[in-house]
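Here is what each chain is made of, one letter per residue.
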There are 4 protein chains.
Amino acid sequence: MSGNTTGKLYCVTSFGESHGPAIGCVVDGCPPGLQISTEDIQKELDRRKPGTSRHVTQRREPDEVEILSGVFEGVTTGTPIALLIRNQDQRSRDYGNIAETFRPGHADYAYWQKYGIRDHRGGGRSSARETAVRVAAGAIARKWLRERFGVVIRGYMAQLGPIEIPFVSWDAVHGNPFFAPNAEIVPQLEDFMDELRKAGDSIGARINVVATGVPVGWGEPVYDRLDADIAYAMMGINAVKAVEIGAGFASVTQRGTEHSDEMTPEGFLTNNAGGTLGGISTGQDIMVSMAVKPTSSIRLDRRSIDKQGKPVIVNTQGRHDPCVGIRATPIAEAMLALVLMDHALRHRAQCGEVRTSTPILAGLSPDGHQHPPSPRGE
Amino acid sequence: MSGNTTGKLYCVTSFGESHGPAIGCVVDGCPPGLQISTEDIQKELDRRKPGTSRHVTQRREPDEVEILSGVFEGVTTGTPIALLIRNQDQRSRDYGNIAETFRPGHADYAYWQKYGIRDHRGGGRSSARETAVRVAAGAIARKWLRERFGVVIRGYMAQLGPIEIPFVSWDAVHGNPFFAPNAEIVPQLEDFMDELRKAGDSIGARINVVATGVPVGWGEPVYDRLDADIAYAMMGINAVKAVEIGAGFASVTQRGTEHSDEMTPEGFLTNNAGGTLGGISTGQDIMVSMAVKPTSSIRLDRRSIDKQGKPVIVNTQGRHDPCVGIRATPIAEAMLALVLMDHALRHRAQCGEVRTSTPILAGLSPDGHQHPPSPRGE
Amino acid sequence: MSGNTTGKLYCVTSFGESHGPAIGCVVDGCPPGLQISTEDIQKELDRRKPGTSRHVTQRREPDEVEILSGVFEGVTTGTPIALLIRNQDQRSRDYGNIAETFRPGHADYAYWQKYGIRDHRGGGRSSARETAVRVAAGAIARKWLRERFGVVIRGYMAQLGPIEIPFVSWDAVHGNPFFAPNAEIVPQLEDFMDELRKAGDSIGARINVVATGVPVGWGEPVYDRLDADIAYAMMGINAVKAVEIGAGFASVTQRGTEHSDEMTPEGFLTNNAGGTLGGISTGQDIMVSMAVKPTSSIRLDRRSIDKQGKPVIVNTQGRHDPCVGIRATPIAEAMLALVLMDHALRHRAQCGEVRTSTPILAGLSPDGHQHPPSPRGE
Amino acid sequence: MSGNTTGKLYCVTSFGESHGPAIGCVVDGCPPGLQISTEDIQKELDRRKPGTSRHVTQRREPDEVEILSGVFEGVTTGTPIALLIRNQDQRSRDYGNIAETFRPGHADYAYWQKYGIRDHRGGGRSSARETAVRVAAGAIARKWLRERFGVVIRGYMAQLGPIEIPFVSWDAVHGNPFFAPNAEIVPQLEDFMDELRKAGDSIGARINVVATGVPVGWGEPVYDRLDADIAYAMMGINAVKAVEIGAGFASVTQRGTEHSDEMTPEGFLTNNAGGTLGGISTGQDIMVSMAVKPTSSIRLDRRSIDKQGKPVIVNTQGRHDPCVGIRATPIAEAMLALVLMDHALRHRAQCGEVRTSTPILAGLSPDGHQHPPSPRGE
């Protein structure tokens, strides 16, 4: 299939441009019988939507989702679920300048050379606006995973530019616009962002996502490993430049005695693996970390070229996120949900009847607390 | 398709266990007319094969490849190319112990809980022995990419445990068993490995891969981005725990003015993007970095459980790589070749007729030298 | 991918129920640069839409299509094209009866046992209403195939129940509501249908589709043969029970000397193959024939069961096509277009550079006229 | 994926040419825990292999299969199962003549124009020899379907050229080289074939295949319907030109009162649907019929062209089946098994938890006997 569909069994097909009539997606393969409403989806969309604080883009988009199909009397029927979000804020300003030049760090030049045409309004298809549909599709997956297996997926900002954010609690995440798991550090983040905005510059961030309660056994070696598909999903988010699972790059300097997670009847003793071994979930927390690059749309002058290859100076005015990482947490959670749901179904297809007498081991959460054994994944 | 096939158009289907009769793959979708011989493939296999130095496993495997189909009179016909490598070294030692326990850091426990059965001999399907077929399939892709577009794919070890390896030259890579781009540092690497082997422990490594000459325009947003597929391919290599493209995690602390690569008529001025923007190649070098975890098979005692969930002590004697990263370079190169070739074909399918009058920009190689503009990708 | 997406490179993902808010689809993989407007699509939809004569369902559906994405300033951009058709005629009549029973010959029982839930309103997802989106997606494919390669796809009704319809001319097809290629026989068809409608019964039909100008070389042996994919596409149309390529079932009684199409420098002498040999197009007309079963929704009493398995009598009042074959021609044309377009792209991906010095042979059209050689398919 | 892989979850990737070193396939996605041996597979291969009677090709091929992976201690492990069949009979005769010309009715011309190269020896990849691997892959599927659900798949020859073969019993099928379900008619078939062989000509045939015990609920509307995938699988067999499900083309002249299968608590009363409604299995027998064209390799003179487009006379000496339909029955059974198994897994993935309180209905077998309700398909 072509590049705008993701998933083998829980398949999401995305469409839409930043300033076109609408964005949306078709979710195909969802099991029947799941109760789902626009509210379930809207709730997640609202976490990602613009304009919720002064630190993100002020574009006005209510991001109201409409369910066009696949749900009957509040329940999924097993047929495709089409989700539609009309674009509201299509300011009729002059894009002529953008159309003729390529913004540094943006997809403009690559799209143009690939397709020979591009919808330049607001970045068109390459805009992060598209990620709203991922959040919508992910909302359905999250609900199913939680109700069916007790899987809980949560993310947070772990670093904002130079400021590392120590994890304090999940509760703290919801109390600030940064998704920071640490209430005390929020003023520092706000000051940093205010200064940055004033300077007209932008900054990168690190986002962590954790899935708890994932059954042992999900993932398809040797290529469609669970971690490989997670890496694909995360690197496929706009502006992401790096992905780690578990110990990640720290494993470069680790010795085997340090890295490999010992097991006892009471459970795993560490989780350097990040919940996956040989591409298959172990029942421990899936731990993912990613780098989000600084926004390329900044107010400061940058050198570039135009369509004729001539030198130009580009700067980007308007309503842009100075740190796209701030709104990335719900997107990363959604992408992890899509991958897990897809593999839940794939596992059931091939191994739905497998049972072993070996007990499921308890695991270690990133906060160092042990979590009880996950359910079997069939 | 199931998890042992990778690629949409240049499709590799892998099979085989570490100690079964054979490993191999079927390569489907290769364009007709490419001259290919067993020597072309063997040359790459020999770079990965075991036993080439004292720092890697001493298992004796000539890894001789046989072409079973798809090549006629030395030329690909467009039909599936089946490659077969018979396993030679299937020592008839007692695996009974391994069969009943789960080695920490290995896929044993996950495979067992997923499938309810496993071929435990030498790790079975989860063994890194399978990566030989990736190298074989990649050899064909590399040849086509080089002959058709001038794409050159090269990798090297950038760090061995605590020892960072400064890049000196590509030539140096071939002169040592570590694929280190730096002849001077080799004695230090050897000493480190000798000590490690004596201690019975293992160590991680960082591998970098660079593709030069990649045309602008390859990659399919929004999900099957070039970088997303690269992340999938690299994280899908045994023992890999992290993947970076371009600036990677360094982009967390970068400002927009620093990260986004400016363009001039003379070419890009930096390459923080690592050769891909919006999921599409820019014509700059594709730059990938990855973390390889320390080998889990070590001689030292580790706590684990057996099939009944009872505690056991496990240590792994035998012929194991103390650093799987040492042999990972040819594998990473091969995986990058597979992704690039797949996207070359995908691009041609959809955009084979696109031409623009905008000049192709020159790019910056990681060594800071400018490379000339790539050819068009159609 | 799941079952509501078709095509490998020109991918159509369909959604929507008969009486839900909307039906539609996402077309992913269309080459950029194709001029396309709602009018281009609407024109094809109008050929299929209900209510155009007394012989088809009187449901009022304007079937107005909206392009939501993928087209910018009248030209495809290479990004997904989302097409939306709002359902207008959602009569609020009582479906309670249908909800509790299974109509013979319908998908009701199978959907219920598969999904455990079904949107019973008007057949829900199993309604032929969904075929409108195939026509819409096919309209884009037809335009590209015609403009790029000169491929022309045309269908007609070859038999209505017992009445065989001799082919007279393509021009005749457009002059009657049956898509009959024969003006003289139309009154006979009308009388037959009037009588049938009076009786409350329904009837089957045979539809033929022909694609002229298809280049030699499209199709991917051994599984994704062009004819195999055509059979899949046609059998996948609601109510279709049989598919023939070329001589079809007549080849059972043919001898080799009769069946195999001889070649001369002037062209093929016959076309028993129906334009495909070994699963690859020959450059001759692609000739497909299919059987459309009689509508299962009839006014006459039929035995069935209800959800508890108890016997019931079912008859279907309301606005139903007494012969679904009458509106099947544009659908069959669209499905053939989807398959051909997909294989055009697939061929270009793998074999885009192939040239031979062997001349392209002229072919024979089903009307016995020779057509000139097709262009090369790259 | 490319054209030599079939199936979404039970995936078969085929390779090999008629006169190359070997043919074979990789079966990926098979559930773990199935007991399988070379004997299980060989048994099916022996039913298809050449040289078993004077009415088929006398090429000597033992078709001995080797299992290279995926089976450990006699049981499938869930990893890819590679099957290898070495070609034995690669007569070193001069193929020069064939290499320069195109045999009428063969894939020669199409392969050449598509790929610009072809392995002409014995038809290369387009040879029906490839179908052996389908039978091998199908043998595994059949075993799983039978053991897991009680599905039985059986085929027979229904017509040989002009001779219709009335169905008498399944037992009769195994007693003659034609797979004729009718012992009395065998002498007539033999006489016909002897005469045909003497004349140097060939003949078509009709093959029927029936799957009994298929659970209700398999199939994925709207595109990947069970019947659509069956049509794809059957039309994808070499020389097949037409496929019918259930009443097939007879439904053209049927009225709704005749065609649609009534239901009673005791079961379905007829089976015009051929076991599938709305693309989903009904629990009745899956009934498929197909046309196999006459062999194109005949000893009689035929007009053709050579690579330069010049006229030539072609006749084919050697060891060819005068009726490829004779050996087609095991192939058709295998292909049906592949489709059913794939959909069994796909159904379980999405609907593995669905249960209804509606009883499963009994069905009608083609011989008019009622069969008991199938098991649920999860």
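The model shown is predicted, which means the values in this text are computed figures rather than measured ones. (Residues numbered from 1 in each chain as written. Chains lettered and ligands numbered in written order. Predicted model: local features only at pLDDT ≥ 70, side-chain atom pairs only at ≥ 80, totals over all residues. Heavy atoms only, no water.)

## A word on the overall build of chain A
Thinking step 1. In terms of helices and strands, chain A carries nine helices and 20 strands.
Thinking step 2. Taking 2.2 N^0.38 as the reference for a compact globule, 378 residues should give roughly 21 Å; the C-alpha atoms of chain A span a radius of gyration of 21 Å, in line with that estimate.
Thinking step 3. When the backbone C-alpha atoms are referred to their principal axes, chain A occupies close to 70 × 50 × 35 Å.
Thinking step 4. Sequence-distant contacts in chain A: of pairs separated by 6 or more residues, those separated by 24 or more amount to 70%.
Thinking step 5. As displayed, chain A offers around 10,800 Å² of accessible surface, 49% of which is attributable to carbon and sulfur atoms. (Helix = DSSP H or I, 4+ residues; strand = E, 2+ residues; numbered from the N terminus. Rg over C-alpha atoms; globule rule 2.2 N^0.38 Å. Contact = heavy atoms within 4.5 Å. Areas by Shrake-Rupley, 256 points an atom, 1.4 Å probe, with all protein chains shown as cover.)

## Some words on the interface of chain A and chain B
Bring the parts together and some accessible area is lost; that lost area is often taken as the interface size.
Thinking step 1. Listed as interface residues are 121 residues of chain A and, on the opposing side, 121 residues of chain B.
Thinking step 2. Summing both partners gives a buried area of about 9,500 Å² for chain A against chain B, and 59% of it is carried by carbon and sulfur.
Thinking step 3. Its largest share of buried area at the contact with chain B, chain A owes to A:Lys114, A:Tyr223 and A:Lys241, together 10% of the area lost on that side.
Thinking step 4. The partner of B:Glu262 in a salt bridge is A:Arg303, and the shortest N-O contact between them spans 3.1 Å.
Thinking step 5. Across the chain A-chain B interface, the total number found is 63 residue pairs in polar contact (both at pLDDT 80 or more).
Thinking step 6. By residue number, the principal contributor to the side of chain A that touches chain B is helix 3 (residues 108-115) of chain A, which donates seven residues. (Buried area = accessible area lost by both parts, 1.4 Å probe. Salt bridge = Lys/Arg side-chain N within 4 Å of Asp/Glu carboxyl O. Polar contact = N/O pair within 3.5 Å; in protein donor to acceptor, adjacent residues only side chain to side chain.)

## Here's the deal with the confidence of the model for chain A
Thinking step 1. Per-residue confidence for chain A gives a mean pLDDT of 94; residues scoring 70 or more make up 98%.
Thinking step 2. With pTM at 0.98, the complex prediction returns an ipTM value of 0.97. (pLDDT = per-residue confidence, 0-100.)

## Some words on the packing of helix 7 (residues 226-235) of chain D against helix 9 (residues 328-351) of chain D
All names here are of chain D.
Thinking step 1. Close contact between helix 7 and helix 9 brings their axes to 9 Å; oriented N to C, the two are set at 145 degrees. Judged by the twist between their axes, the crossing of helix 7 over helix 9 is right-handed. Along its contact with helix 7, which presents Leu-226, Asp-229, Ile-230, Ala-233 and Met-234, the element helix 9 presents Ala-332, Met-335, Leu-336, Val-339, Leu-340, His-343 and Arg-346. (Axes fitted to C-alpha atoms, helices over the stretch in contact; angles between N-to-C directions. Left-handed = near helix turned anticlockwise from the far one by under 90°.)

## With respect to the UniProt feature "binding site: FMN" (unreviewed entry) in chain A
Thinking step 1. UniProt annotation of "binding site: FMN" (unreviewed entry) refers to A:Arg125, A:Ser126, A:Ser127, A:Asn238, A:Ala239, A:Gly278, A:Lys293, A:Pro294, A:Thr295, A:Ser296, A:Ser297 and A:Arg319 when read in the numbering used here. The annotated residues occupy 195 residues of the chain and do not converge on a single region, their most distant C-alpha atoms lying 44.1 Å apart.
Thinking step 2. Relative to the helices and strands, A:Asn238 is located in the loop between helix 7 (226-235) and strand 11 (240-245).
Thinking step 3. Beyond its immediate sequence surroundings of up to four residues, A:Asn238 is in contact with A:Ser126, A:Ser127, A:Ala128, A:Thr131, A:Arg134 and B:Arg225.
Thinking step 4. As for its placement among the helices and strands, A:Ala239 is situated in the loop between helix 7 and strand 11. (UniProt positions renumbered as here; feature names shortened; annotations may be inferred.)

## Side note on the sheet that holds strand 4 (residues 65-67) of chain D
Residues and elements named next belong to chain D.
Thinking step 1. The five strands lie next to each other as 1-2-3-7-4, forming an open sheet whose pairing is antiparallel. In this open sheet, the two strands that pair with only one neighbour each are strand 1 (5-6) and strand 4.
Thinking step 2. Alignment of strand 4 against strand 7 (residues 81-86), held across three bridges, turns out to be antiparallel. The residue of strand 7 that forms the bridge with Ile-67 is Leu-83. (Pairing = 2+ DSSP bridges.)

## A closer look at the relation of the copies chain D and chain B
Thinking step 1. Overlay of chain D on chain B (RMSD 0.0 Å): rotation 180 degrees, translation along the axis 0.0 Å. Accordingly, the operation relating the two chain copies is best matched by a two-fold axis. (Least-squares fit on C-alpha atoms with pLDDT ≥ 70 in both.)

## A closer look at the relation of the copies chain A and chain B
Thinking step 1. In screw terms, the move from chain A to chain B is a rotation of 180 degrees and a rise of 0.0 Å along the axis, fitting with an RMSD of 0.0 Å.
Thinking step 2. By residue overlap, the copies meet face to face through one surface: 100% of the interface positions of chain A are interface positions in chain B.

## Topic: unusual backbone geometry
Thinking step 1. Cis geometry is adopted by the peptide bond preceding A:Val222, which originates at A:Pro221 and carries an omega value of 10 degrees.
Thinking step 2. For A:Glu73, which is not glycine, the phi dihedral falls at a positive 55 degrees.
Thinking step 3. Residue placement: A:Glu73 occurs in the loop between strand 5 (71-72) and strand 6 (75-76).
Thinking step 4. The exposed category is assigned to A:Glu73, whose relative accessible area is 67%.
Thinking step 5. Look at B:Asp63: it is not a glycine, yet its phi comes out positive at around 50 degrees.
Thinking step 6. Note that B:Asp63 resides in the loop between helix 1 (38-48) and strand 4 (65-67).
Thinking step 7. Classification of B:Asp63 by relative accessible area gives buried; the value is 0%. (Buried < 20%, exposed > 50% of the residue type's maximum accessible area, 1.4 Å probe, protein only.)

## Side note on the interface of chain D and chain B
Thinking step 1. At the junction of the two partners, chain D supplies 43 residues and chain B supplies 43 residues.
Thinking step 2. When chain D packs against chain B, the two sides together hide about 3,200 Å² of surface, and 64% of this comes from carbon and sulfur.
Thinking step 3. The largest per-residue losses of area from chain D upon contact with chain B belong to D:Met1, D:Leu68 and D:Phe72, which jointly make up 18% of the total buried on that side.
Thinking step 4. At the boundary of chain D and chain B, one finds two salt bridges.
Thinking step 5. Here B:Arg86 makes a salt bridge to D:Glu66, at a shortest N to O gap of 2.9 Å.
Thinking step 6. Across the contact surface, chain D and chain B share 10 residue pairs in polar contact (both at pLDDT 80 or more).

## Points about the pattern of salt bridges
Thinking step 1. In total, this model carries 116 salt bridges over all chains according to the counting rule given.
Thinking step 2. Here B:Arg346 and B:Asp224 are joined by a salt bridge, their closest N and O atoms 2.8 Å apart. A residue pair is termed long-range when its members are at least 10 positions apart, and B:Arg346 in helix 9 (residues 328-351) and B:Asp224 in the loop between strand 10 (205-212) and helix 7 (226-235) qualify at 122 residues.
Thinking step 3. Using a relative accessible area of 2% as the deciding quantity, one classes B:Arg346 as buried.
Thinking step 4. You can call B:Asp224 buried: its relative accessible area is 2%.
Thinking step 5. For the salt bridge of D:Asp229 with D:Arg346, the shortest nitrogen-to-oxygen distance reads 3.8 Å.

## Side note on the sheet that holds strand 8 (residues 152-160) of chain A
Working definition: the strands of a sheet are paired by backbone hydrogen bonds and lie parallel or antiparallel to each other.
Thinking step 1. The 10 strands lie next to each other as 9(A)-8(A)-10(A)-16(A)-11(A)-11(B)-16(B)-10(B)-8(B)-9(B), forming an open sheet whose pairing is antiparallel. Both outer strands of the open sheet, strand 9 (163-164) of chain A together with strand 9 (163-164) of chain B, are each paired with one neighbouring strand and no more.
Thinking step 2. Inspection of the sheet shows strand 8 (residues 152-160) of chain B paired to strand 9 of chain B by two bridges, in the antiparallel sense. Pairing of B:Leu160 across the sheet is with B:Ile163, part of strand 9 of chain B.
Thinking step 3. Here helix 7 of chain B sits on the sheet in contact with strand 11 of chain A together with strand 11 (240-245) and strand 16 (286-292) of chain B, set at roughly 155 degrees to strand 11 of chain B.

## A closer look at the packing of helix 4 (residues 131-149) of chain D against helix 9 of chain D
Residue and element names in this part refer to chain D.
Thinking step 1. The contact between helix 4 and helix 9 brings their axes to 7 Å, and the two run at 50 degrees. Considering the angle they form, helix 4 stands oblique to helix 9. The way helix 4 lies across helix 9 gives a crossing that is left-handed. For the pair helix 4 and helix 9, the contacting residues are Thr-131, Arg-134, Val-135, Ala-137, Gly-138, Ala-141, Arg-142, Trp-144, Leu-145, Arg-148 and Phe-149 in the first and Pro-330, Ile-331, Glu-333, Ala-334, Met-335, Ala-337, Leu-338, Leu-340, Met-341, Ala-344, Leu-345 and Arg-348 in the second.
Thinking step 2. Looking at side-chain class alone, the contact of helix 4 with helix 9 contains 16 nonpolar, two polar and five charged residues. (Parallel < 35°, antiparallel > 145°, perpendicular 65-115°, else oblique. Nonpolar A, V, L, I, M, F, W, Y, C, P; charged D, E, K, R; others polar.)

## Looking at the UniProt feature "binding site: NADP(+)" (unreviewed entry) in chain A
Residues and elements named next belong to chain A.
Thinking step 1. Those residues carrying the UniProt feature "binding site: NADP(+)" (unreviewed entry) are Arg-48 and Arg-54 in this numbering.
Thinking step 2. Along the chain, the position of Arg-48 falls in helix 1 (residues 38-48).
Thinking step 3. Judged by relative accessible area, which is 2%, Arg-48 ranks as buried.
Thinking step 4. Apart from the residues lying within four places of it in its own chain, the contact partners of Arg-48 are Asp-63, Ala-128, Arg-129, Thr-131, Ala-132, Val-135, Arg-327, Pro-330 and Ile-331.
Thinking step 5. Its location among the elements puts Arg-54 in the loop between helix 1 and strand 4 (65-67).

## So, the side chain of A:Asp119
Thinking step 1. With respect to the helices and strands, the residue A:Asp119 is situated in the loop between helix 3 and helix 4 (131-149).
Thinking step 2. A distance of 2.8 Å separates a polar atom in the side chain of A:Asp119 from a polar atom in the side chain of A:Arg121.
Thinking step 3. Among residues more than four places away in sequence, those in contact with A:Asp119 are A:Glu17, A:Gly124 and C:Phe72.

## With respect to the pairing of strand 17 (residues 302-305) of chain A
Residue and element names in this part refer to chain A.
Thinking step 1. As defined by bridge partners, strand 17 adjoins strand 18 (residues 311-314) across four bridges and the pair is classed as antiparallel. Considered in strand 18, the bridge of Ser-304 is made with Val-312.
Thinking step 2. In this antiparallel pair of consecutive strands, strand 17 and strand 18, the connection spans five residues, and Gly-309 shows a positive phi of 85 degrees.

## Some thoughts on helix 6 (residues 186-199) of chain B
All names here are of chain B.
Thinking step 1. An ideal rise of 1.5 Å per residue puts 20 Å on 14 residues; helix 6 measures up with 20 Å between its terminal C-alpha atoms.
Thinking step 2. Taken as a whole, helix 6 has its buried residues at Val-186, Leu-189, Phe-192, Met-193, Asp-194 and Leu-196.
Thinking step 3. Taken together, the buried residues of helix 6 touch strand 8 and strand 9. (Expected span 1.5 Å × (residues − 1).)

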